[in-house]
Protein chains: 2
Amino acid sequence: MRAFQARLCAQLEAADGTGEFLTDAWQHHQSGGGLTRVLTEGTVLEKAGVAFSAVEGEMSAQAAQLLHMPNPAFFATGVSVVLHPRSPMVPIAHMNVRYFESAGGQAWFGGGMDLTPIYVNEAQARWFHQQLVAVCQRHDAAYYPRFKQWADDYFYLPHRQETRGVGGIFFDRLTVGPDGEAESLFAFMQDVGNLFGPTYTELMHQNRALPFGEVEQSWQLVRRARYAEFNLAFDRGTRFGLETGGRTESILMSMPPHAAWHYNLVPAPNSPEATTLAWLRKGVQWLETPDRLA
Amino acid sequence: MRAFQARLCAQLEAADGTGEFLTDAWQHHQSGGGLTRVLTEGTVLEKAGVAFSAVEGEMSAQAAQLLHMPNPAFFATGVSVVLHPRSPMVPIAHMNVRYFESAGGQAWFGGGMDLTPIYVNEAQARWFHQQLVAVCQRHDAAYYPRFKQWADDYFYLPHRQETRGVGGIFFDRLTVGPDGEAESLFAFMQDVGNLFGPTYTELMHQNRALPFGEVEQSWQLVRRARYAEFNLAFDRGTRFGLETGGRTESILMSMPPHAAWHYNLVPAPNSPEATTLAWLRKGVQWLETPDRLA
């Protein structure tokens, strides 16, 4: 996990061109800790966080209930990434890989990645999902459809009836059984992690030079506010971290650098903003024949 | 409740000078509805929301559990106010009065108000609490200490170990007993509501002309982000509204117009920002001999 963090940060720095990740090492109040790496004010990336942690401890009764855990003792390690680019033409992205062990002898892997364009570019969304399906199919043909649906359901704002973005894959509790599938699950998780750097930096390069103005910047602040709503009100990872006494600044490094809430903002019909909103729904099949908007 | 909403909006418009409340009427998907009134881009108030609602319906099993309700059928009415002034020298303020009836025959009143200065002005915080204690004492000498403590506990960000602001009063489930204290509880709730307009507009007038610059505006965005964190992650009213299928734009009108999240921002020692942070703790006795910072 730590080596992966270092590699990914180097890829992102190289692609950004000027930004540099600073490093904060921290200790958990029980046992373990982490390395939080944050890049701010890069050329492309306004705020990028890549957090590694490995923590052993006892979660609160409330957190154990949230996770349906009979025993509060746990070991958890993972890398979480959230990238907030400066330009509204470059999508926000999130990636996470994690491993969890409970005292009862259960062990599982989880992770995923999803893309949140400020303006949905249909071809790029399709390409992003093609990268995901390719990685999934190297491991199990059932993974992509299952984990794509899971991402649609997970990265969802019920009060807005909107997906967070164009989705991606999400998987949790891929359990290591009595016969031990640990190696194959670990390999899958590594492949997902290793896909993220090349995929995201390609999207950075494709979009970084696109022009934009005040309208696009204002819409970016609105979409970033939705990102904040999801993370604070719904994201289980964020809530688990805050519940288990995790390091607040590391957990909330995912928050956008700026956000704006306007009362009852409704984009004009047929505007690029309305077109993007129309894509933010569950069940879009990005790999099939173009699913044109009605 | 509706007459109170109209009166309060008129007071706030008069104090602002130029801003005007627009009105959105909405229907609940089950029964009832509300009037959401929002003022934006006033002279003093950047974004002000005053929402009335009266809703009858059945809450979800999840919401009923959240509220410890044996029966999901309910009637609820109230007025909620959140004011986000333009100047960082004028505090954010919140007020709520509410009445709730469950199908099981229970009825109760709730409400409160609290002040969130971007920069804590000790004398003004004391004055604000003096207004609250005066209203409480007209009804019950035990109210202020109890409801002040309740506000400290309620308007609290556990992951930051910070109160939202300088507190105020919070009360919930003041239950109408078999002998019927409905009249006296209703009178208390009305007095709390009626205190808000004159108290807040006085603070507007005292602070509206104070100078400020970029440092103060930047700190305002940080404190507004904390406000967003509290509302989305912890506020039971917000979560209850979103859970019961309330109107999202009315519930989230409380969100700040702009907010900023910086990674690991720590104010310089002895700066006005650090002094403010030092006040944001539970148990400050604003009515006693000045509790000087150590």
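Position numbers for residues count from 1 along each chain, tracking the sequence in the order it is written. Following the order in which they are written, the chains are lettered starting with A and the ligands numbered starting with 1. Local features are withheld for residues below a pLDDT of 70 in this predicted model, meaning they are given only at 70 or higher, and side-chain atom pairs are given and counted only at 80 or more; totals for whole chains, interfaces and linings count all residues.

(A) Spotlight on the overall build of chain A. Assigned secondary structure in chain A consists of 9 helices and 10 strands. Each principal axis of the C-alpha atoms in chain A carries an extent, and together these give about 55 × 40 × 35 Å. Across the 294 residues in chain A, those meeting the buried criterion constitute 44%. Note on contacts: each residue gets a C-beta atom placed from the backbone, and two residues are in contact if those atoms are within 7 Å. Across chain A, contacts joining residues at least 24 apart in sequence account for 68% of those joining residues at least 6 apart. The numbering of helices and of strands both runs from the N terminus, where a helix is a DSSP run of H or I of at least 4 residues and a strand a run of E of at least 2. Our exposure labels follow a C-beta count within 10 Å of each residue's own C-beta, placed from the backbone: buried means 20 or more other C-beta atoms, exposed means 12 or fewer, and partly exposed covers the counts in between.

(B) Structural view of the environment of Gly112 of chain B. All names here are of chain B. Locating Gly112 in the fold gives a position in strand 6 (residues 107-116). Residues Gly112 and Ser80 lie 32 residues apart in sequence; the distance between their C-alpha atoms is 9.8 Å. Discounting chain neighbours no more than four positions away, the residues touching Gly112 are Asn96, Phe147, Ala151, Gly168, Ile169, Phe170 and Phe171.

(C) Spatial organisation of the interface of chain A and chain B. Taken together, the contact pairs 23 residues of chain A with 23 residues of chain B. Elements represented by at least two residues in the side of chain A that touches chain B include exactly strand 2 (31-40), helix 6 (214-233), helix 8 (248-251) and strand 10 (258-260) of chain A. If you tally residues by element for the side of chain A that touches chain B, the top one is helix 6 of chain A, at 4 residues. Counted by class, the side of chain A that touches chain B contains 14 nonpolar, 5 polar and 4 charged residues. A pair of strands is labelled paired if DSSP reports no fewer than 2 bridges between them. Inspection of the sheet shows strand 10 of chain A paired to strand 10 (residues 258-260) of chain B by 3 bridges, in the antiparallel sense. Among the inter-strand pairings, Ala260 of chain A is bridged to a residue of strand 10 of chain B, identified as His258 of chain B. Classification convention: Asp, Glu, Lys, Arg as charged; Ala, Val, Leu, Ile, Met, Phe, Trp, Tyr, Cys, Pro as nonpolar; all other residues, Gly among them, as polar.

(D) The arrangement of the environment of Arg224 of chain B in detail. Residues and elements named next belong to chain B. Relative to the assigned elements, Arg224 resides in helix 6 (residues 214-233). A tally of 23 C-beta atoms within 10 Å means that Arg224 is categorised as buried. Taking the C-alpha atoms as reference points, Arg224 and Thr201, separated by 23 residues in sequence, lie 20 Å from one another. Once residues within four sequence positions are removed from consideration, Arg224 is found in contact with Pro256, His258 and Ala259.

(E) A look at the relation of the copies chain A and chain B. To line up the copies, we fit them by least squares on C-alpha atoms, keeping just the residues with pLDDT of at least 70 in both. Mapping chain A onto chain B leaves a residual RMSD of 0.0 Å; the transformation is a rotation of 180° accompanied by 0.0 Å of translation along its axis. Taken together, the rotation and translation relating the two chain copies correspond to the operation of a two-fold axis. Comparing contact sets, 100% of the residues at the interface of chain A also lie at the interface in chain B, consistent with an isologous, same-surface contact.

(F) Geometry of the sheet that holds strand 9 (residues 167-175) of chain A. All names here are of chain A. Ordered by their spatial adjacency, 7 strands build an open sheet running 1-2-3-4-5-6-9, and the pairing between neighbours is antiparallel. A strand with exactly one partner marks an edge of an open sheet, and here the two such strands are strand 1 (22-27) and strand 9. Here the average twist between neighbouring strands, direction ignored, is 5°. Axis lines are fitted to C-alpha atoms, over the contacting stretch for helices. Their N-to-C directions set the angle, which ranges from 0 to 180 degrees. Helix 1 (residues 2-16) contacts strand 2, strand 3 (45-58) and strand 4 (73-85) of the sheet and is inclined by roughly 175° relative to strand 3. Together, strand 6 (107-116) and strand 9 form the strand contacts of helix 3 (residues 122-137), whose direction differs from that of strand 9 by roughly 25°.

(G) Highlighting the sheet that holds strand 6 of chain B. All names here are of chain B. The strand order across the open sheet built from 7 strands is 1-2-3-4-5-6-9, with neighbouring strands paired in antiparallel fashion. Each edge of the open sheet carries a strand with a single partner, namely strand 1 (22-27) and strand 9 (167-175). Averaged over all neighbouring strand pairs, the angle between strand axes comes to 5°, with direction disregarded.

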